[in-house]
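# Examination of the molecular architecture
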Amino acid sequence: MLPEHLAVIMDGNGRWAKARELSRSEGHRAGTEAAKNLVTRCREIGIKHLTLYTFSKENWARPKTEVAQLFDLLTLFLKKELKSLQEQDIRLKVLGEISDFPFGVRQVVAHTINRTKNCKGMTLNLALNYSGRDELVKAFRSIVEAGIPADSITDETISEHLYTAGQPDPDLIIRTSGEKRLSNYLLYQAAYSEFYFTDVFWPDFDEQELQKALDDYAGRQRRFGKTGDQV
Ligand code: IPE
Ligand code: IPE
Ligand code: MG
């Protein structure tokens, strides 16, 4: 079985660079290449929703120069890839508070979203300035603002008020670089996700590494509370 929704925590760009005596900036550049290749591969094999953790709300705590470089790489990526996204029929969506980003970045993000809004082959969600807890706070606020009576709020109501409204929950979450934590990623949506951790640093996560993760996932039994005999 192929996951319908694959979510990735692309981690280890800095350590990949350090191991090669390169700058962190070179690591992020290589990481962007890996992300581009992953998008293409996921589209080819038929994944319908791909979510990439691109910039967390906590990442603002990094040195200003590094944050600026991450914005530059994102802008360049979207400008360079627009045509290819359209050709591959990939729709871009953003999960996160993009309004805090510099004007130029917001502009190119909005342009790419607009130009790909009718694409149906795959949805590419970029988690940008994303925080799972903030997403929930925002959802609860909008539920209250909409005047939805307390006793009619269900788990679907909450799902519908998240950035991922209308999309299935991630079936598989991959994290690279050996770290084993969620880092505030998709807290609500990850309720029944399968997890795959690899020591490979993000820039080295290629087609073969993806296949290993997918093979591992295919061998899992998802029971959702039932016994093994029932599923
Ligand atoms: C992931 O790589 C990229 C972002 C978080 C933007 P890191 O930059 O976190 O790499 P490490 O963890 O320092 O190796
Ligand atoms: C998570 O990676 C965020 C992204 C991949 C964009 P980090 O490297 O920032 O995570 P922590 O803070 O070390 O957990
Ligand atoms: Mg990291």
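Numbering of residues starts from 1 in each chain and follows the order in which that chain's sequence is written. A letter from A marks each chain and a number from 1 marks each ligand, given out in the order of writing. Local features are withheld for residues below a pLDDT of 70 in this predicted model, meaning they are given only at 70 or higher, and side-chain atom pairs are given and counted only at 80 or more; totals for whole chains, interfaces and linings count all residues. Heavy atoms from the whole structure form the basis of all side-chain values; hydrogens and water molecules are not counted.

## Topic: helix α4 (residues 103–115)
Secondary structure elements are taken from DSSP: a helix is a run of H or I of four residues or more, a strand is a run of E of two residues or more, and numbering for both begins at the N terminus. To estimate the expected span of a helix, subtract one from its residue number and multiply by 1.5 Å. In this model, α4 (13 residues) spans 18 Å end to end at C-alpha, consistent with the 18 Å of a helix rising 1.5 Å per residue. Residue exposure (1.4 Å probe, protein chains only): buried if accessible area is under 20% of the type maximum, exposed if over 50%, otherwise partly exposed. When α4 is considered as a whole, its buried residues turn out to be V105, V108, V109 and T112. Seen end-on, α4 carries its buried residues on one side only, within an arc spanning 100°. This arc is built from the directions going out from the helix axis to the C-beta atoms.

## Side note on the layout of surface pockets
Roughly 750 Å³ of volume is contained in the largest pocket. Those elements giving two or more residues to the lining of the largest pocket turn out to be α1 (13–19), α2 (24–45), β2 (49–56), α3 (64–87) and β4 (122–130). Looking at the lining of the largest pocket residue by residue, the classes come out as 16 nonpolar, ten polar and eight charged. Using protein atoms alone on a 1 Å grid, points that fit a 1.4 Å probe yet trap it form a cavity, whereas open point sets bounded by protein on both sides within 12 Å along at least five of seven lines form a pocket; residues with an atom within 4 Å of a point count as lining. Grid points are joined across faces, edges and corners, and a volume is the space filled by probe spheres set on the points. Side-chain classes follow a simple rule in which Ala, Val, Leu, Ile, Met, Phe, Trp, Tyr, Cys and Pro form the nonpolar group, Asp, Glu, Lys and Arg form the charged group, and the remainder, Gly included, forms the polar group.

## Quick word on the sheet that holds strand β1 (residues 5–9)
Either a parallel or an antiparallel arrangement is found when strands of a sheet pair, and the pairing is made through backbone hydrogen bonds. At least two bridges found by DSSP between two strands is the condition for calling them paired. The strand order across the open sheet formed by six strands is β3-β4-β2-β1-β5-β6, and the pairing between neighbours is parallel. With one partner strand each, in any of the chains shown, β3 (90–95) and β6 (194–197) form the two edges of the open sheet. Here the average twist between neighbouring strands, direction ignored, is 20°. Of the strand pairs in this sheet, β1 and strand β5 (residues 172–175) are connected by four bridges, and their pairing is parallel. Across the sheet, residue V8 finds its bridge partner in β5, namely I174. Each of β2, β3 and β4 is contacted by α3, which is oriented at about 165° to β4, the strand it contacts most. Contacts were defined at the residue level, with two residues in contact if any of their heavy atoms lie within 4.5 Å. Orientation is described by axes fitted as lines to C-alpha atoms, over the contacting stretch for helices, and by angles from 0 to 180 degrees between their N-to-C directions. The sheet contacts of helix α7 (residues 207–218) involve β1, β5 and β6, and relative to β5 the element is tilted by about 140°.

## Remarks on the site of ligand 2
Within the structure, ligand 2 sits among I9, M10, D11, Y53, T54, F55, N59, R62, R175, R181 and S183. One nitrogen or oxygen atom from the side chain of R175 is found 3.3 Å from an oxygen atom belonging to ligand 2. Note that an oxygen atom of ligand 2 is positioned 2.6 Å from one of the side-chain N or O atoms of S183. Here, Shrake-Rupley sampling with a 1.4 Å probe gives the accessible areas, and only protein chains in the shown set may cover a residue. Burial of ligand 2 by the protein amounts to 78% of the accessible area it has alone, namely 380 Å². For this analysis, a molecule is said to be in a pocket or cavity if more than half of its atoms are within 2 Å of the grid points defining it. Counting atoms within 2 Å of the grid points, the majority share of ligand 2 lands in the largest pocket. For the shell around ligand 2, the leading source of residues is β2, giving three residues. Tallied by class, residues from the shell around ligand 2 come to four nonpolar, three polar and four charged. Proximity is defined per residue: if any heavy atom of the residue lies within 4 Å of a molecule or strand, that residue is considered near it. N or O atoms within 3.5 Å of each other form a polar contact, as long as, within protein, one can give a hydrogen and the other can take it, and as long as residues adjacent in sequence are counted only when both atoms are side-chain atoms.

## As for the site of ligand 1
Neighbouring ligand 1 are the residues M10, D11, G12, N13, G14, R15, R24, H28, T54, N59, R62 and L70. Between an oxygen atom of ligand 1 and a main-chain N or O atom of G12, the distance comes to 3.3 Å. R24 has a polar side-chain atom sitting 2.9 Å from an oxygen atom of ligand 1. Its free accessible area being 380 Å², ligand 1 has 86% of it covered by the protein chains. With respect to the pocket detection grid, ligand 1 is positioned in the largest pocket. Elements with a contribution of two residues or more to the shell around ligand 1: α1 and α2. In terms of residue count, the dominant contributor to the shell around ligand 1 is α1 (three residues). Of the residues assigned to the shell around ligand 1, the class counts are two nonpolar, six polar and four charged.

Any functional reading would require information that these geometric values do not contain.
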